[in-house]
Amino acid sequence: MTSFRDQIASVHHQLLSVSEQQSQQPFRTGGWSRKQILGHLIDSALNNHQRFVRAALDGSYEGPSYQQEGWVSMHGYGSLQWDVLLRYWRSQNELLCEVVERIPEDRLDAQCRVGDQTPVTLRFLVQDYLDHLHHHIRQIVA
């Protein structure tokens, strides 16, 4: 299996192929622009950073759900430059790589509850983050 760090590097390489003009276009009619999708991925990295660190340190995590529409709107990602968003996404994910690499093996089974969802393991949250990331990257580079 490819490492977390290698997956982030691969995604970054894909994102470099998107131009400023392309980044302003929505993935589908009436949907978010590619900038907004990348902003959503920045928010995902920020929210998951907290979850990963707290679960690794405390042995469990319980925290709020993520209101994606509000977060994307509040940050105004659609009006920012693509290269700025790309640098911020990359730096957040490089930090997240450091966190993931330092999670003790026994803490990967830590129970995590996000909002009112059924508890899952930290291992599940890490894999879910990567799956979510790849899902949206396919939209951005389509």
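Residues numbered from 1 in each chain as written. Predicted model: local features only at pLDDT ≥ 70, side-chain atom pairs only at ≥ 80, totals over all residues. Heavy atoms only, no water.

As for the sheet that holds strand 1 (residues 60-63)
Move 1: Spatially, three strands are ordered 1-2-3 in an open sheet, and the strand pairing comes out mixed. Each edge of the open sheet carries a strand with a single partner, namely strand 1 and strand 3 (120-121).
Move 2: Running at roughly 140° to strand 1, helix 3 (residues 34-58) makes contact with strand 1 and strand 2 (111-114) of the sheet. (Pairing = 2+ DSSP bridges. Helix = DSSP H or I, 4+ residues; strand = E, 2+ residues; numbered from the N terminus. Contact = heavy atoms within 4.5 Å. Axes fitted to C-alpha atoms, helices over the stretch in contact; angles between N-to-C directions.)

Details of the pairing of strand 1
Move 1: Going residue by residue along strand 1, you find Tyr 61 and Gly 63 tucked away on one face and Ser 60 and Glu 62 left uncovered on the opposite face.
Move 2: Strand direction decides the pairing type here: strand 1 and strand 2, joined by four bridges, are parallel. Looking at the pairing, Glu 62 lines up with Arg 113 of strand 2. (Buried < 20%, exposed > 50% of the residue type's maximum accessible area, 1.4 Å probe, protein only.)

Some points on the pattern of salt bridges
Where charged atoms from two side chains of opposite charge approach closely, those side chains can pair.
Move 1: As enumerated under the stated definition, the model contains eight salt bridges in all.
Move 2: Residues Arg 5 and Glu 101 are paired through a salt bridge, measuring 2.9 Å at the closest nitrogen-oxygen approach. With Arg 5 in helix 1 (residues 4-15) and Glu 101 in helix 5 (residues 82-102), this pair connects stretches of sequence that are 96 residues apart.
Move 3: Judged by its relative accessible area of 48%, Glu 101 falls in the partly exposed class.
Move 4: The partner of Lys 35 in a salt bridge is Glu 20, with the nearest N and O atoms 2.6 Å apart. Linking Lys 35 in helix 3 with Glu 20 in helix 2 (residues 20-23), this pair joins segments that are 15 residues apart in sequence.
Move 5: Note on Lys 35: relative accessible area 3%, which makes it buried. (Salt bridge = Lys/Arg side-chain N within 4 Å of Asp/Glu carboxyl O.)

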